[in-house]
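This is what each chain is made of:
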Amino acid sequence: MAIELKMPALSPTMEEGTLAKWLVKPGDEVKSGDILAEIETDKATMEFEAVDEGTIAELVVPEGTEGVKVGAVIARIAGEGEDAAAATPAPAPAPAATTQPAVEEKAEESDGPVGTEAKAKAAASIAPAGAAKPVADPEIPAGTAMVATTVREALRDAMAEEMRADDRVFVMGEEVAEYQGAYKVTQGLLEEFGPKRVIDTPITEYGFAGIGAGAAMGGLKPIVEFMTFNFAMQAIDHIINSAAKTNYMSGGQMRCPIVFRGPNGAASRVGAQHSQNYGPWYASVPGLVVIAPYDAADAKGLLRAAIRSDDPVVFLENELVYGRSFDVPQIDEFVLPIGKARIVRPGRDVTIVSYSIGVGFALEAAETLAAEGIEAEVIDLRTLRPLDKATVLESLARTNRMVVAEEGFPVCSIASEIIAIAMEEGFDSLDAPVLRVCDEDVPLPYAANLEKAALIDAGRIAQAVRNVCYR
Amino acid sequence: MRGCKQKETEDLAKPARPRAPRTSKPATTQTPVVQSSEAIAAQDEAEFALRSLQQAHANNKQYEASDAELLRFYEQMVLIRRFEEKAGQLYGLGLIGGFCHLYIGQEAVAVGLQSALKEGHDSVITGYRDHGHMLAYGIDPKVIMAELTGRGAGISRGKGGSMHMFSTEHKFYGGHGIVGAQVPLGAGLAFAHKYREDGGVCMAYFGDGAANQGQVYETFNMAALWKLPIVFVVENNGYAMGTAVRRGSAETHFYRRGTAFRIPGMDVNGMDVLEVRQAAEVALEFVRAGNGPVLMELNTYRYRGHSMSDPAKYRSREEVQEMREKHDPIEAAKQELLKRGVTEDRIKDIDKKVRQQVAEAADFAESSPEPALEELYTDVLVEKY
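On a predicted model such as this, the values are computed, not experimentally measured, just so you know. (Residues numbered from 1 in each chain as written. Chains lettered and ligands numbered in written order. Predicted model: local features only at pLDDT ≥ 70, side-chain atom pairs only at ≥ 80, totals over all residues.)

Visitor: I tried to follow the overall build of chain B on my own but got confused; where do I start?
Guide: For chain B, the helix and strand inventory stands at 13 helices and eight strands. Residues counted as buried form 51% of the 385 residues belonging to chain B. A separation of at least 24 residues holds for 76% of the contacts in chain B among residues at least 6 apart in sequence. (Helix = DSSP H or I, 4+ residues; strand = E, 2+ residues; numbered from the N terminus. Buried ≥ 20, exposed ≤ 12 C-beta atoms within 10 Å, placed from the backbone. Contact = placed C-beta atoms within 7 Å.)

Visitor: What is the right way to look at the overall build of chain A in this model?
Guide: When helices and strands are tallied, chain A shows 13 helices and 22 strands. Restricting the contact set of chain A to residue pairs at least 6 apart, pairs at least 24 apart contribute 76%.

Visitor: Could you clarify how one ought to interpret the domain arrangement of chain A in this entry?
Guide: The accessible area lost on association of the parts is a frequent measure of interface size. When cut into domains, chain A gives domain 1 (3–113), domain 2 (146–329) and domain 3 (340–468). By residue class, the composition of the side of domain 1 of chain A that touches domain 2 of chain A is one nonpolar, one polar and three charged. (Domains from an automatic or database assignment. Nonpolar A, V, L, I, M, F, W, Y, C, P; charged D, E, K, R; others polar.)

Visitor: Any chance you could explain helix H13 (residues 344–367) of chain B here in plain terms?
Guide: The terminal C-alpha atoms of H13(B) lie 34 Å apart, and with 24 residues this matches the ideal 34 Å at 1.5 Å per residue to within 8%. Among the residues of H13(B), B:Val354, B:Val358, B:Ala361, B:Ala362 and B:Ala365 are the ones counted as buried. (Expected span 1.5 Å × (residues − 1).)

Visitor: Would you mind going over the nonpolar core with me for this structure?
Guide: Considering soluble globular proteins, one finds that nonpolar side chains tend to be buried as a cluster. Residues A:Ile352, A:Ile461, A:Val465, B:Ala283 and B:Met296 are the most contacted members of the largest nonpolar core, which totals 221 residues. Looking at this core, you find at least three residues from each of domain 2 (146–329) and domain 3 (340–468) of chain A. Each residue touching A:Val465, except ones within four places of it in the same chain, is listed here: A:Val350, A:Ile352, A:Ala365, A:Leu369, A:Ile374, A:Ala376 and A:Val403. With 23 residues, the next largest nonpolar core counts A:Met7, A:Met14, A:Leu36 and A:Ile74 among its residues. (Core = buried A, V, L, I, M, F, W, Y, C linked by C-beta atoms within 7 Å.)

Visitor: For this particular structure, what's the right way to read the confidence of the model for chain A?
Guide: Close inspection of predicted coordinates is inappropriate for parts of the model with low pLDDT. Averaged over all residues, the pLDDT of chain A is 89; the fraction at 70 or higher stands at 87%. The model gives residues 87–134 of chain A a pLDDT under 50, and that stretch makes 73 contacts with residues more than four places away or in other chains. (pLDDT = per-residue confidence, 0-100.)

Visitor: Honestly, the environment of B:Tyr217 in this entry has me stumped. Any pointers?
Guide: Looking at where B:Tyr217 falls in the secondary structure, it is placed in helix H8 (residues 214–225). Between the C-alpha atom of B:Tyr217 and that of B:Leu71, which follows or precedes it by 146 residues, the distance is 38 Å.

Visitor: How should the packing of helix H10 (residues 389–399) of chain A against helix H11 (residues 414–425) of chain A be read in this particular structure?
Guide: How two helices sit against one another is set out by the angle between their axes and by the gap between those axes. Residue and element names in this part refer to chain A. Relative to each other, H10 and H11 sit at 65°, their axes nearing to 11 Å. Every pair of crossing elements has a handedness; the one defined by H10 and H11 is right-handed. Along the contact surface, H10 presents Lys389, Val392, Leu393 and Leu396, while H11 presents Ile418, Ile421, Ala422 and Glu425. Classifying every residue of the contact of H10 with H11 by side-chain character gives six nonpolar, no polar and two charged. (Axes fitted to C-alpha atoms, helices over the stretch in contact; angles between N-to-C directions. Left-handed = near helix turned anticlockwise from the far one by under 90°.)

Visitor: Explanation requested: the interface of chain B and chain A in the structure shown.
Guide: The interface of chain B with chain A comprises 33 residues on the first partner and 38 residues on the second. Of all elements in the fold, only helix H7 (182–196) and H8 of chain B reach the threshold of two or more residues within the side of chain B that touches chain A. With nine residues, H7(B) is the single largest residue contributor to the side of chain B that touches chain A. For the side of chain B that touches chain A, the per-class residue count stands at 16 nonpolar, twelve polar and five charged.

Visitor: Would you mind going over unusual backbone geometry with me for this structure?
Guide: Leaving glycine out, the prevailing phi sign among residues is negative, and the prevailing peptide bond configuration is trans. A cis geometry characterises the amide bond from A:Arg385 onward to A:Pro386, with omega recorded as 0°. In this fold, A:Pro386 is placed in the loop between strand S20 (383–385) and H10. With an omega of 20°, the peptide bond running from B:Gly174 to B:Gly175 counts as cis. Structurally, B:Gly175 is set in strand S2 (residues 172–175). For A:Gln180, which is not glycine, the phi torsion reads 75° and is therefore positive. Examined against the element boundaries, A:Gln180 turns out to sit in the loop between strand S10 (169–173) and helix H4 (189–193). One non-glycine residue with positive phi stands out, namely B:Lys171, at about 60°. Following the sequence through the fold, B:Lys171 ends up in the loop between helix H6 (141–148) and S2.

Visitor: Whenever I open this one, the sheet that holds strand S14 (residues 289–291) of chain A confuses me. Can you help?
Guide: Neighbouring strands of a sheet are bound in pairs by backbone hydrogen bonds; such pairs are parallel or else antiparallel. Residues and elements named next belong to chain A. Strands sit in the order S11-S10-S12-S13-S15-S14-S20 across an open sheet of seven strands; the sheet is mixed. Two strands close off the open sheet at either side, each with one partner strand: strand S11 (198–200) and S20. Here the strands of the sheet are splayed against their neighbours by 20° on average, with no regard to which way each runs. Bridge count for S14 against strand S15 (residues 313–317) is three bridges, and the pairing is parallel. Bridging across to S15, Ile291 finds its partner in Phe315. (Pairing = 2+ DSSP bridges.)

Visitor: Got a minute to help me understand the environment of B:Gly88 in this structure?
Guide: Residue and element names in this part refer to chain B. Mapping Gly88 onto the fold places it in helix H3 (residues 67–92). According to the C-beta neighbour criterion, Gly88 is partly exposed, with 17 such atoms within 10 Å. For the pair formed by Gly88 and Arg304, sequence separation is 216 residues and the distance between their alpha carbons is 9.6 Å. Apart from residues lying up to four places away in sequence, Gly88 is in contact with Leu102, Arg304 and Met308.

Visitor: Help me understand H6(B) in this model?
Guide: Helical periodicity: at 3.6 residues per turn, an α-helix aligns residues three or four positions apart in one direction. All names here are of chain B. Among the eight residues that make up H6, eight are buried, leaving the element largely enclosed by the rest of the structure. Every buried residue belonging to H6 is among Pro141, Lys142, Val143, Ile144, Met145, Ala146, Glu147 and Leu148, and all of these are buried. Where H6 is buried, its residues meet H3, helix H5 (131–136) and H13.

Visitor: Just checking my understanding: could you explain the sheet that holds strand S4 (residues 230–236) of chain B for this structure?
Guide: All names here are of chain B. Ordered by their spatial adjacency, six strands build an open sheet running S2-S1-S3-S4-S8-S7, and the pairing between neighbours is parallel. Both edges of this open sheet fall to S2 and strand S7 (265–269), since each of them pairs with a single strand only. Ignoring strand direction, the axes of neighbouring strands in this sheet form an average angle of 15°. With six bridges connecting them, strand S3 (residues 202–207) and S4 associate as parallel partners. Following the sheet pairing, Tyr205 is matched in S4 by Val233. Sheet contacts for helix H10 (residues 273–291): S4, S7 and strand S8 (294–299); angle to S7, the most-contacted strand, approximately 165°.

Visitor: Just to check I follow, could you spell out the environment of B:Met241 for this structure?
Guide: Its location among the elements puts B:Met241 in the loop between strand S5 (239–240) and strand S6 (243–244). B:Met241 sits 32 residues away from B:Gly209 along the chain, and the two C-alpha atoms are 7.6 Å apart.

Visitor: Help me understand the confidence of the model for chain B, please; the structure alone is not making it clear to me.
Guide: Residues and elements named next belong to chain B. Here chain B shows a mean pLDDT of 90. Residues at 70 or above account for 89%. For residues 1–30, every residue scores under 50 in pLDDT, and the model assigns this stretch 42 contacts once sequence neighbours within four places are set aside. This complex was scored by the predictor with a pTM of 0.86 and an ipTM of 0.88.

Visitor: Help me out: how do you make sense of the packing of H3(B) against helix H12 (residues 329–339) of chain B in this one?
Guide: Residues and elements named next belong to chain B. Put simply, H3 and H12 touch, their axes get as near as 10 Å, and they point 150° apart. By the angle class used here, H3 and H12 are roughly antiparallel. Judged by the twist between their axes, the crossing of H3 over H12 is left-handed. Note on element contacts: H12 touches H3 through Pro329, Ile330, Ala333, Lys334, Glu336 and Leu337, opposite Leu70, Leu71, Phe73, Tyr74, Met77, Val78 and Arg81. (Parallel < 35°, antiparallel > 145°, perpendicular 65-115°, else oblique.)

So, in structure tokens, the structure goes:
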């Protein structure tokens, strides 16, 4: 019986990849451990090994194909005693042993076409079809050409553009240079800017965060990448005590213009130690600017602003959003203002406040609610510190109801802060108590069902909205 | 003249023990092996042995200062001593609050080392015991004392205090309150010098207590890996707060602690300003030549407690008296001056001038107004958002 080889998931968040190269051809005998192909994921080029023995019967997906969905059949192997040439496209399912459960799950979801169409579809699923067009950022002139860009590319472009403009800007972190970034965010930077400005560090967050902060004090503009913000806890003393407090402690004499950036929040199935949103931690510290964008345009415009700022900035990205594609305006000087929230979907009945990946869920919930006759306004905070209270309170004054959606722990969260603001400064506008929708108050579990149960989703946000609307 | 610690020195100048050849790269690498592993090991050994700056220091310990230079060192050390005594006094009067760590006894370290730097070009960074390093870098005692008393005219506008003072103009970068944090920050300053190719070096001071911080070794690794122009200075005053070095450190010879990172070490008597200065010459020549960092251990002693609230019960009165009477750096410099024929009157004139300077600083610090209340909200962020 022919064995189907399927596009493997080679990282926790991989949904598709490029079949860069076949290292075998039909008729080749293969055994377990032989390298069959090179597959480019969103993070790296990986070798794809054979698990089963047999003869290559057919290469289904030709090399060079982009956007091959995880779980798609890429080749067939004829089993022992089977005629490779006669191996027909297998009607039977592939042996379970060669396929991980995650792959199956994803395969079910990813039945769409490959390539750019898939990207467009992915983008559409984030801003659901039929949704009111997101409100244009006031800083983008009408008629500006838009280019579909992934968040990952947008971040890279922002760094590259600022590095071209300012010699003082450099990037340091683990695997940012030769490896092209653990999540490929710094892809191509080494090639363009060389090893002096794109610097691989040893795995010593505490040390290199301090070196970065010191370089900023010495007049440079470092971008320090943390592979994820979970590891930045080892370095948090330099972020808080060295970077955030210096300007104040020196009476405005000594600055620390540095950007600490990297993915933050839960990724996918990586367990408790790799899955935490530190937004509330950093946002509680005076002296820091904290930015947590959702889409690619904001990622680009705000990262450029962060690099230009003379203040220390914590720039919180989200791994699950890196691969999503959004329109980014084609403007040379596309720099967005720090400290300004954005109404991403207008509505009159209720306000949903969110940031980072939560915005995607909030938009999805708003779509569901619209079908029920509830028009939700969705606000993306974008900057967590300084917080744009005015935009939140103005929206609340119009809708009189509010839900805060946050992918993070509920206790002492950004949601808590927004609710406090609503109480202190928006009490007269409230027709219902503000509700928060956060992750469950537990360390993030590994098991797929438990993880799903712990994290926020659109359904929970929609339900909270119904509650505050007394529907 | 020796520091407080007795330690064996005969092994310092010897080359390190022969070592096993370094393992060659894994077989999978495509880099061709040009030399045999034995040859590489031999060359490696020779190179590392050459890095023993201790030998250069041992060969010539005393800096040949001119009379004018020595007078300058003496004046700076006396300024630090009198300034710190006054600060202690003002603390007792309740004019200085919080933590206040005095540098009395350690003066020769900052003066000897920083006299070898180019003020305003080379960077200096230290921990919370920072008054002496500032004075040694020519920063006005008035604005330092006014910071200690928490006045608006203080160098940090009264918002930093004793442990958080900075002068970017003098390239003095603090003044850091978290033990050991100044070490990677200092490497960052050195990184900036190298990045800008301005020829500057950074001198990063830390104590024997901070020398046990993990971040110090992360920094050693990167500083050596990237050949950063930095001099790491361990001011070993014998006590990490109240913990004697031998009670807190498995390796009490701090100058050896860079060996694992191929950073050459120097063991220096920190109670003799001329020895300190000469050692600085050796270290700076090495660093300025692009060879990467040097680790200097300066053996010194603080006469006062760790901070103002420390009764220093962990050491005997006799120990302190012994250091004060037999190893005082200021007295030694004075004796050297007298030996050279500098008159007692000339030395007294300096003492008088310094007393006057310190009295003025104290007056200024007491009479300056506290910061305006609006200052509470300024300088949190540089920009408006």
